[in-house]
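Understanding the architecture of this molecule
Residue-level listing of the chains:
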Amino acid sequence: MRSQHRLRGKTCFGWMWRSVFIVIIFSNVGCSSNALQKSSLSSVAQRLPGLHIWKQGVSSFLFGANDTQEWSQNNVESSPEIQEALKAAHFSLMRTFFFDKSPADGHHTTDAEIEQRLETVVNSGMTCLGVLQDIFTVAFDKHVVTYAGSRCQLYEFGNEPDDHGISIETYLQQWNTTIPLLRKINPNATFIGPVTSNDQGNKGFMRAFLEGVKASGILPDAVSFHWYPCYQDTQESCLKKAGSYGQVAEGVQALVREILGKDIPVGITEWNYNPGTPPPAYGDDSNFITRFSTDALRSMALAGVAFACQFDIASYGGYGRLDMFDFETNQPKPQYYAMRNLIQLYRLSGTPVQAESAPVTALSPTTASVTHTGPLISRGKQIYCSGNDAGAGGLGASINGLYGDWLFWRPSFSALPSWCAIHVGAGPTRLLLTWDSDYTFDYISAKGLSPQDYSIAVSADSTNGANGTWRTVVTVTGNHTRVREHLLPFAGQSWVKMTITKGQTQASQPYVFIDQIDLYDVSTSLNDTFFFSGDSITAIAYDRFDASQPSFAELIHASFPQHFPAMLDGGEGGWDSDGAVQNIDLWLTLNPDMHYWLLGWGTNDAFKQVSPDHFRANLQTLVNKITQAGHVPVLTHLPYMKVKGLNQEVQSLNAVIDQVSVAHGLISGPDLYQLFLTHQTTYFLADGIHPSAEGAKAMNLAWFQVLTPILYH
């Protein structure tokens, strides 16, 4: 898809028939096969010069991109801004084309042009993967390898020969005669073939190549192919094919082992959603391209792909639709941010991405990933309580996993102080404690039924909560929230006790209600924690009542039993983004250990006809403060509402949400507008604004569907 013919003219998609059969989503990739590839990746992939193994065994070279023929004067080679953005995000591998003659005007390539390509790689902080485009211009190919020297140690021989009228016999003849010459020039370089237009190549090109090099003994150091899975697909159909990258890669890996009898690195050196000229317009949809790119790279990571290059950086590819940067403004597009987020997830802090002379930037504190488990460990443990004078559910009600069910720890004011102690057992070094009192609508209210003053203590030697030595680790006065979290030091301890000393002075009843106390083992990570911030729609949707189940947390646990996210509902009825800005500092202080902040602000702004500019300023303030606190904000579209004349306001604010998400490189939340528009007969309460029980379930499921491929395996 690199020549002028394929970028500018009518494209032949005869090879695309394979994609019709590949409708495999990310979650269906086979576990046993993935385990095999991941275990073998470090040994075979490290043969590639400059490659590093990042977290979870992922190759650093998975995050590459293409610098192809420039069809625009403004491109990655001419734009220092684009190069700096690539470097800042730690993109790793730049696939750059060395043409004997320019496909644009036919002039012979000069050394100055070769130099510019090499300097672009260096200035972008990346490693060079050179494409020796014309396999018949041996003198030029030898000159490139000589001129580049140690600045380029990875080369592909040709580019889609199977799609450019080159027979396998001719390609093998050129490979067998030219590769030994190039290896003699640079013995340290890696040479890669056959660079086919799809995983198997037209007319079995990949198999024939492997059989031919086995017979000749001129083996490749790695093999590569290209994969664009979608052709004449709808957006929904195309998104389902994002997970096909891992499957086709595993097929090539198996073919290599079958024929060569060993593993060698396998790469996908061009990938994107569609190779059309131009490709479908849905590629401009930020939610689609973020989901597609994330799912594609996840499936490659699980399959043990050694190197991969997005097509392309900024060369007017697919009339600009495939470019990662806007070639007119030099600004990153959503696909850049999707890849950057995954780089932050996998990259080891302090690990160089290219040559050792390249500067290394440490990861920012906002780097987000669920790379360790945060299991919920309090369910089913022994619990002892004192002063629980009216709790309907008995002692175990506070750790039974039921929220808002009227089975609770409920001491009367006259019975205070009252305590409950949980026998966790030894092992964890840190615990995250959350408690819920779900009988007040708003997150913060002085009239609620939550505790106002309380303390939390730990013990190593108690046997019943009353005896033993206790050390107080948390003391709270003046609390008015209905949910709260606390990080507890727990090394050498085995018990946790919460003691309530005062209820709310303006409480509607003279009692304190505690639905649940949840304890999470966060000894290695606090990343699996989520705070839902928003208005009354948020308050209803994420309260975890039985009618709203399964919640986001329960959905994650059902699919990934090793995980059970901590999930807090911070909904405030009637509030708008002005109120959120005024209170965000307080909320951050109250929830210092919540890593992901899922923001659902804007519905009341739409009712008040707040200007998009004012709303944008408020969102930017929220995002900046959450990011500066070391957390990760995620914005979601406002839901459609059955209110006449309001949805134009909602859509204008949703456009602002998209703009802020792209500008800050945020993970995109679910499209709740389309969700409620599509299900308006079943997802609303009678007011046409707030979610019904089915709507609340759907909102939790929507977050699960969006965040799972990004944060969980």
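A brief report on the enclosed structure follows. Given the structure is predicted, the values throughout are model-derived calculations rather than measurements.

Analysis parameters
Residues numbered from 1 in each chain as written. Predicted model: local features only at pLDDT ≥ 70, side-chain atom pairs only at ≥ 80, totals over all residues. Heavy atoms only, no water. Helix = DSSP H or I, 4+ residues; strand = E, 2+ residues; numbered from the N terminus. Buried < 20%, exposed > 50% of the residue type's maximum accessible area, 1.4 Å probe, protein only. Contact = heavy atoms within 4.5 Å. Areas by Shrake-Rupley, 256 points an atom, 1.4 Å probe, with all protein chains shown as cover. Salt bridge = Lys/Arg side-chain N within 4 Å of Asp/Glu carboxyl O. Pairing = 2+ DSSP bridges. Axes fitted to C-alpha atoms, helices over the stretch in contact; angles between N-to-C directions. Phe/Tyr/Trp six-rings, centres within 6.5 Å; stacked < 30°, edge-to-face > 60°. 1 Å grid on protein atoms, 1.4 Å probe; cavity = no way out; pocket = protein on both sides within 12 Å on 5 of 7 lines; lining within 4 Å. Points joined across faces, edges and corners; volume = space filled by probe spheres on them. Nonpolar A, V, L, I, M, F, W, Y, C, P; charged D, E, K, R; others polar. Expected span 1.5 Å × (residues − 1).

1. Focus on the overall build of the chain
Scanning the chain from terminus to terminus reveals 19 helices and 20 strands. Counting the 713 residues in the chain, one finds 61% classified as buried. Counted over contacts in the chain with a minimum sequence separation of 6, partners at least 24 positions apart contribute 79%. When the accessible surface of the chain is split by element, carbon and sulfur atoms take 53% of a total near 25000 Å².

2. A look at the pattern of salt bridges
Opposite charge on two side chains lets them pair, provided their charged atoms get close. According to the stated counting rule, one finds 19 salt bridges in the structure shown. Connected via shared salt-bridge partners are Asp67, Glu77 and Arg117.

3. Here's the deal with the sheet that holds strand E16 (residues 516-521)
Strand order in the open sheet made by the 3 strands is E14-E11-E16, with antiparallel pairing throughout. A single partner strand is all that each edge strand has here, and the edge strands are strand E14 (483-489) and E16. Strand-to-strand, the axes of this sheet are offset by a mean angle of 20 degrees, without reference to chain direction. Strand direction decides the pairing type here: strand E11 (residues 430-436) and E14, joined by 7 bridges, are antiparallel. Across the sheet, the residue bridging to Leu433 is His486, located in E14.

4. Overview of the packing of aromatic side chains
Under the definition given, this model contains 38 aromatic pairs. Ring geometry for Tyr336 and Tyr337: centres 5.1 Å apart, planes at 80 degrees, overall edge-to-face. We note that Tyr336, like Tyr337, is buried. Considering the side-chain rings of Tyr640 and Phe684, the 6.3 Å spacing of their centres and the 65 degrees angle between planes classify their relative orientation as edge-to-face.

5. Considerations on empty space enclosed by the protein
Following the criterion strictly, the structure yields 5 cavities of 30 Å³ or more and no others. In this model, the largest cavity occupies a volume close to 100 Å³. Along its surface, the largest cavity is lined by 17 residues, and Thr538, Gly600, Thr636, Leu672 and Met699 are the ones closest to its centre. Mapped by element, the contributors of at least two residues to the lining of the largest cavity are strand E17 (529-534), helix H12 (536-541), strand E19 (596-600) and helix H19 (693-711). The dominant element in the lining of the largest cavity, judged by the number of residues it contributes, is E19, at 3 residues. When the residues that make up the lining of the largest cavity are grouped by side-chain class, the tally is 10 nonpolar, 6 polar and 1 charged.

6. Section: helix H4 (residues 111-123)
With 13 residues, H4 ought to run about 18 Å at 1.5 Å a step, and its terminal C-alpha atoms sit 18 Å apart, in line with that. Along H4, the residues classified as buried are Ile114, Glu115, Arg117, Leu118, Thr120 and Val121. Check the buried side of H4 and you find it contacts strand E1 (64-67), helix H3 (80-89), strand E2 (93-98), strand E3 (127-132) and helix H5 (138-148).

7. Re the sheet that holds strand E18 (residues 566-571)
The 4 strands are arranged E18-E17-E19-E20 in an open sheet whose pairing can be described as parallel. Each edge of the sheet is formed by a strand with only one pairing partner; in this case those strands are E18 and strand E20 (632-635). Taken over all neighbouring pairs, the strand axes of this sheet differ in orientation by 20 degrees on average, direction set aside. Here E17 pairs with E18 via 6 bridges, running parallel. Directly across from Phe531, in E18, lies its bridge partner Leu568.

8. Quick word on unusual backbone geometry
Most peptide bonds take the trans configuration, and most residues that are not glycine carry a negative phi. With an omega of -10 degrees, the peptide bond running from Gly193 to Pro194 counts as cis. Relative to the helices and strands, Pro194 resides in strand E5 (residues 190-196). For the bond from Leu416 to Pro417, the omega torsion is 5 degrees, close enough to zero to count as cis. Within the secondary structure, Pro417 sits in the loop between strand E9 (382-386) and strand E10 (418-423). One non-glycine residue, Glu160, lies in positive phi territory at about 50 degrees. Positionally, Glu160 belongs in the loop between strand E4 (154-157) and helix H6 (168-185).

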